[in-house]
Amino acid sequence: MRKKVTVLGSTGSIGRQTLEVLAAHPEEFEVLALCGGSNEEALFEQVRAFRPAYSGLGEKAAAQLAALPETDIVVLAISGFAALRPLLAALKPGRRIAIANKESLVCGGELVRDAIAVSGAELIPIDSEQSAIFQCLQNGKREEVKRLILTASGGPFWRRSREELRTVAPEEVLAHPTWNMGRKITLDSATLMNKGLEILEASTLFGFGADQISVLIHPQSIVHSMVEYRDGTLMANLSQPDMRLPIQYALSYPARLPSPARILDLAELGELTFHKPDLAHFTALRLAYDALRAGGAYPIVYNGANERAAEHYFAGHIAFWQIEECVDYAMQKIENIRISDISDVYAVDGESRRVADEYVRKL
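Caption draft 1: Representation of the overall build of the protein within the structure. When you go through the protein residue by residue, the secondary structure sums to 15 helices and ten strands. For 363 residues, the compact-globule estimate of 2.2 N^0.38 gives 21 Å, and the C-alpha radius of gyration of the protein, at 20 Å, lies within 12% of that figure. Dimensions of the protein, computed from C-alpha atoms along their principal axes, come out at roughly 55 × 50 × 40 Å. Across the 363 residues in the protein, those meeting the buried criterion constitute 57%. Look at the contacts in the protein between residues 6 or more apart in sequence, and 71% of them connect residues 24 or more apart. Accessible surface computed for the protein: about 15,800 Å², of which carbon and sulfur atoms make up 50%. Averaging the coordinates of the 38 positive side-chain charges in the protein and doing the same for the 46 negative ones gives two points 2 Å apart.

Now the structure itself:
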């Protein structure tokens, strides 16, 4: 029987690639519902092509469609903090959620884990790094894992000095060396905030602490991440950088289906290189580890202040290097609290953005 799939964020990059995967396997999947953000024309084109039973636009519609009882798999491809309510709605019925959103996991944290404990929902990551960790973890028991190793391309600036980063222009930021991503994610990759969010995300997904999560700069983006086991074995996930692979695996797991992705030729590639990041240089990573160790409100502050700082950067209000300084300012300014429910998450997020605005006004 074909699995019925709801795609939330269908008009974005991950959503469009998800539909490409679904279209390639009509014998396996049926598109039940589609939800876009604000691109009404693109959504109408998708509805005409896939003929879903349901469709909608915006966060409210996403939360409603996430809870459809007949859905087998929800693909959560909504960008940013707006994905939290749809994620919590999708978790309640206890089905599979294929998730490509970091912010909801970073900010939802304990709420997400509690919801899974109650409903038994299955959360499978789409992000290439987290999918790699998920796949590598199939090779041993949790108690046998020594550490998770997230790889990062480093973005276009990882070799530049702090002084050189002061003059980085937006057009340079958006020229990512490997991946074709949206504007915000490309900026986060350049600042390494994206990798900081992945550190926090990995902790929520897999239940490991800050001391068991490492980062390596890997410019080729071929090794998507690794798991080190206590016997010294290192399991790595390698493939061409193609998001259709982790999308398809999240949909088909534990089965593997034929894919249109180009096969990796290691002989043609020639070499793979890795570099240990300097946390004094990459402030975004240091702040992420600080947020993970502190817990409570700080992961939410890290995300919210970064989202607001990104808006200020693209508006020309702050320089590239000031993005991480803005996040640092917010984490020092806001008092940590225990997160009990979703209203706490929204309150902290709102305060994070207000304090980020305060930082910009003081410049």
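Caption draft 2: How the structure looks around the packing of helix α8 (residues 183-191) against helix α9 (residues 193-206). One way to put it is that α8 packs onto α9 with a least axis distance of 5 Å and a crossing angle of 90°. Overall, the two elements α8 and α9 adopt an arrangement that is roughly perpendicular. In this structure, α8 contributes Ile 185, Asp 188, Ser 189 and Thr 191 to the contact, and α9 contributes Met 193, Asn 194 and Leu 197. For the contact of α8 with α9, the per-class residue count stands at three nonpolar, three polar and one charged.

Caption draft 3: Spatial organisation of the sheet that holds strand β6 (residues 122-125). Pairing in this open sheet of six strands is parallel, and the strands run β3-β2-β1-β4-β5-β6 from one edge to the other. Where the open sheet ends on each side, the last strands, each with one partner, are β3 (54-57) and β6. Here the average twist between neighbouring strands, direction ignored, is 20°. As paired elements, strand β4 (residues 73-76) and strand β5 (residues 96-99) share four bridges and run parallel to each other. Counted as the bridge partner of Leu 76 is Ile 99 from β5.

Caption draft 4: Region of interest: unusual backbone geometry. Pro 254 follows Tyr 253 through a cis peptide bond whose omega is 10°. Structurally, Pro 254 can be placed in the loop between α10 (244-252) and α11 (266-269). Phi is positive for Leu 192, which is not a glycine, with a value near 70°. Looking at the element boundaries, Leu 192 is found in the loop between α8 and α9. The phi dihedral of Ser 221 falls on the positive side, at around 55°, and the residue is not glycine.

Caption draft 5: Looking closely at α10. A large share of α10 lies buried, amounting to eight of its nine residues. Taken together, the buried positions of α10 are occupied by Arg 244, Pro 246, Ile 247, Gln 248, Tyr 249, Ala 250, Leu 251 and Ser 252.

Caption draft 6: Broad picture of helix α14 (residues 322-333). Taking 1.5 Å of rise per residue, the twelve residues of α14 would be expected to cover 16 Å, and the 16 Å separating its terminal C-alpha atoms lies within 8% of that figure. Regarding α14, the residues found buried are Gln 322, Ile 323, Glu 324, Cys 326, Val 327, Asp 328, Ala 330 and Met 331. Where the residues of α14 are buried, they touch α8, α9, α12 (283-294), α13 (298-314) and α15 (342-362).

Caption draft 7: How the structure looks around the pattern of salt bridges. In total, this model carries 24 salt bridges according to the counting rule given. The salt bridge involving Arg 244 is made with Asp 242; its shortest N-O contact spans 2.7 Å. Take Asp 242: its relative accessible area is 14%, and that puts it in the buried class. Through salt bridges with shared partners, one network takes in Lys 102, Asp 127, Glu 129, Lys 195 and Glu 198.

Caption draft 8: Spatial organisation of the packing of aromatic side chains. Counted under the stated rule, the structure contains eight aromatic pairs. Arranged with centres 5.6 Å apart and planes meeting at 70°, the rings of Tyr 249 and Tyr 253 form a pair that is edge-to-face. The burial state of Tyr 249 is the same as that of Tyr 253; both residues are buried. A centroid spacing of 6.1 Å and a plane angle of 70° characterise the contact between Tyr 313 and Phe 320, whose relative ring orientation is edge-to-face. Cluster of aromatic residues (ring-pair linked, three or more members): Phe 157, Tyr 313, Phe 314 and Phe 320.

Definitions and limits used
- Once a new chain begins, its residue numbering starts again from 1 and follows that chain's sequence as written.
- Given that the model is predicted, a residue must reach a pLDDT of at least 70 before its local features are reported, and side-chain atom pairs must reach 80 or more before they are shown or counted; all residues, however, enter totals for whole chains, interfaces and linings.
- Water and hydrogen atoms play no part in the side-chain values, which are based on all heavy atoms of the structure.
- Strands here are runs of E lasting at least two residues and helices are runs of H or I lasting at least four, both read from the DSSP assignment and numbered beginning at the N terminus.
- Radius of gyration means the value over C-alpha atoms here, while the globule rule gives 2.2 Å times the residue count to the 0.38 power.
- Think of it in three bands: with a 1.4 Å probe and only protein chains considered, a residue is buried below 20% of the maximum accessible area for its type, exposed above 50%, and partly exposed in between.
- Any pair of residues with heavy atoms lying within 4.5 Å of one another is described as a contacting pair.
- Every accessible area reported is derived by Shrake-Rupley at a probe size of 1.4 Å, with residue values counting cover from the shown protein chains alone.
- Positive charges are assigned to Lys and Arg, negative charges to Asp and Glu, while His and the chain termini are left out of the count.
- Where a charge lies is defined by one atom per residue type, namely NZ (Lys), CZ (Arg), CG (Asp) and CD (Glu).
- Axis angles are defined between N-to-C directions and span 0 to 180 degrees, where every axis is a line fitted to C-alpha atoms and, for a helix, only to the segment in contact.
- Should an angle fall under 35 degrees it is called roughly parallel, over 145 degrees roughly antiparallel, and 65 to 115 degrees roughly perpendicular, with every other angle called oblique.
- All residues other than Ala, Val, Leu, Ile, Met, Phe, Trp, Tyr, Cys, Pro, Asp, Glu, Lys and Arg, Gly among them, are scored as polar; the first ten of these are nonpolar and the last four charged.
- The pairing criterion for strands is at least two bridges between them, as found by DSSP.
- The span you would expect from a helix comes to 1.5 Å times its residue count less one.
- Salt bridges are identified by distance alone: a Lys or Arg side-chain nitrogen within 4 Å of an Asp or Glu carboxyl oxygen.
- Only centres within 6.5 Å qualify two rings of Phe, Tyr or Trp (six-membered ring in Trp) as a pair; their planes then separate them into stacked at under 30 degrees, edge-to-face at over 60, and tilted for everything else.

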